[in-house]
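Structural overview for review
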Amino acid sequence: MKLSKPELNEYIGLYLNDLNDYGGDQDHYSLAEQTLSEFSSLLTESKQDVRKMLNEAVTKSDKNVREVYEEFLMYVQELQD
């Protein structure tokens, strides 16, 4: 999966919209919005490789936040297939 920063930011927006429309659980949506919005801000400011940033975000986060990243990555993978 090769993504540019603008593409990843677009996928974050799409994911949050879909999660809000179809996800159901407001607490899960709030956690996803907070997590991915923070990541999006870091992504914009950083000069690091997107893949490296994603790997670091997943490995350095607690269980609930890690699940948000994993679900988001599955969502992106499905859209790219």
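In what follows, the accompanying structure is described. The structure presented is a predicted model; accordingly, all values stated were derived computationally and were not measured. (Residues numbered from 1 in each chain as written. Predicted model: local features only at pLDDT ≥ 70, side-chain atom pairs only at ≥ 80, totals over all residues. Heavy atoms only, no water.)

Here the focus is the packing of helix 1 (residues 5–22) against helix 2 (residues 26–45). At their nearest, the axes of helix 1 and helix 2 sit 10 Å apart, and the two run at 170° to each other. Between helix 1 and helix 2, the angle falls in the class roughly antiparallel. Contact residues: Lys-5, Leu-8, Asn-9, Ile-12, Tyr-15, Leu-16, Leu-19 and Asn-20 in helix 1; His-28, Tyr-29, Ala-32, Glu-33, Leu-36, Phe-39, Ser-40, Leu-43 and Thr-44 in helix 2. (Axes fitted to C-alpha atoms, helices over the stretch in contact; angles between N-to-C directions. Helix = DSSP H or I, 4+ residues; strand = E, 2+ residues; numbered from the N terminus. Parallel < 35°, antiparallel > 145°, perpendicular 65-115°, else oblique. Contact = heavy atoms within 4.5 Å.)

Right, let's talk about the pattern of salt bridges for a bit. Applying the stated rule across the entire model yields 1 salt bridge. Here Glu-67 makes a salt bridge to Lys-63, at a shortest N to O gap of 4.0 Å. Highlighted residues: Glu-67 and Lys-63, both in helix 4 (residues 63–80), separated by 4 residues, approximately one helical turn. Taking the relative accessible area as the measure of exposure, Glu-67 reaches 32% and is therefore partly exposed. (Salt bridge = Lys/Arg side-chain N within 4 Å of Asp/Glu carboxyl O. Buried < 20%, exposed > 50% of the residue type's maximum accessible area, 1.4 Å probe, protein only.)

Let's shift gears to the nonpolar core. Formed by 23 residues in total, the largest nonpolar core has its most connected members in Leu-8, Tyr-15, Leu-16, Leu-36, Phe-39, Tyr-69 and Phe-72. Counting residues per element, the ones that place at least two in this core are helix 1, helix 2, helix 3 (50–59) and helix 4. Once residues lying within four places of it in the same chain are set aside, the contact partners of Tyr-69 are Thr-35, Leu-36, Phe-39, Ala-57, Val-58 and Ser-61. (Core = buried A, V, L, I, M, F, W, Y, C linked by side-chain atoms within 4.5 Å.)

The next thing to look at is the side chain of Ser-40. Its place among the elements puts Ser-40 in helix 2. The exposure class of Ser-40 is buried, given its relative accessible area of 18%. A distance of 2.5 Å separates polar atoms of two side chains, one belonging to Ser-40 and the other to Asn-9. For Ser-40, the contacting residues outside a window of four places in its chain are Asn-9 and Ile-12. (Polar contact = N/O pair within 3.5 Å; in protein donor to acceptor, adjacent residues only side chain to side chain.)

This next bit is on helix 3. Side chains of residues three or four places apart in an α-helix project in the same direction, reflecting 3.6 residues per turn. Along helix 3, the residues classified as buried are Val-50, Met-53, Leu-54, Ala-57 and Val-58. Angularly, the buried residues of helix 3 cover 130° about the axis, an arc narrow enough to put them on a single face. On its buried side, helix 3 packs onto helix 1, helix 2 and helix 4. For helix 3, the capping residue at the N-terminal end is Asp-49, with a side-chain oxygen 3.2 Å from the backbone nitrogen of Arg-51. (Arc of directions from axis to C-beta.)

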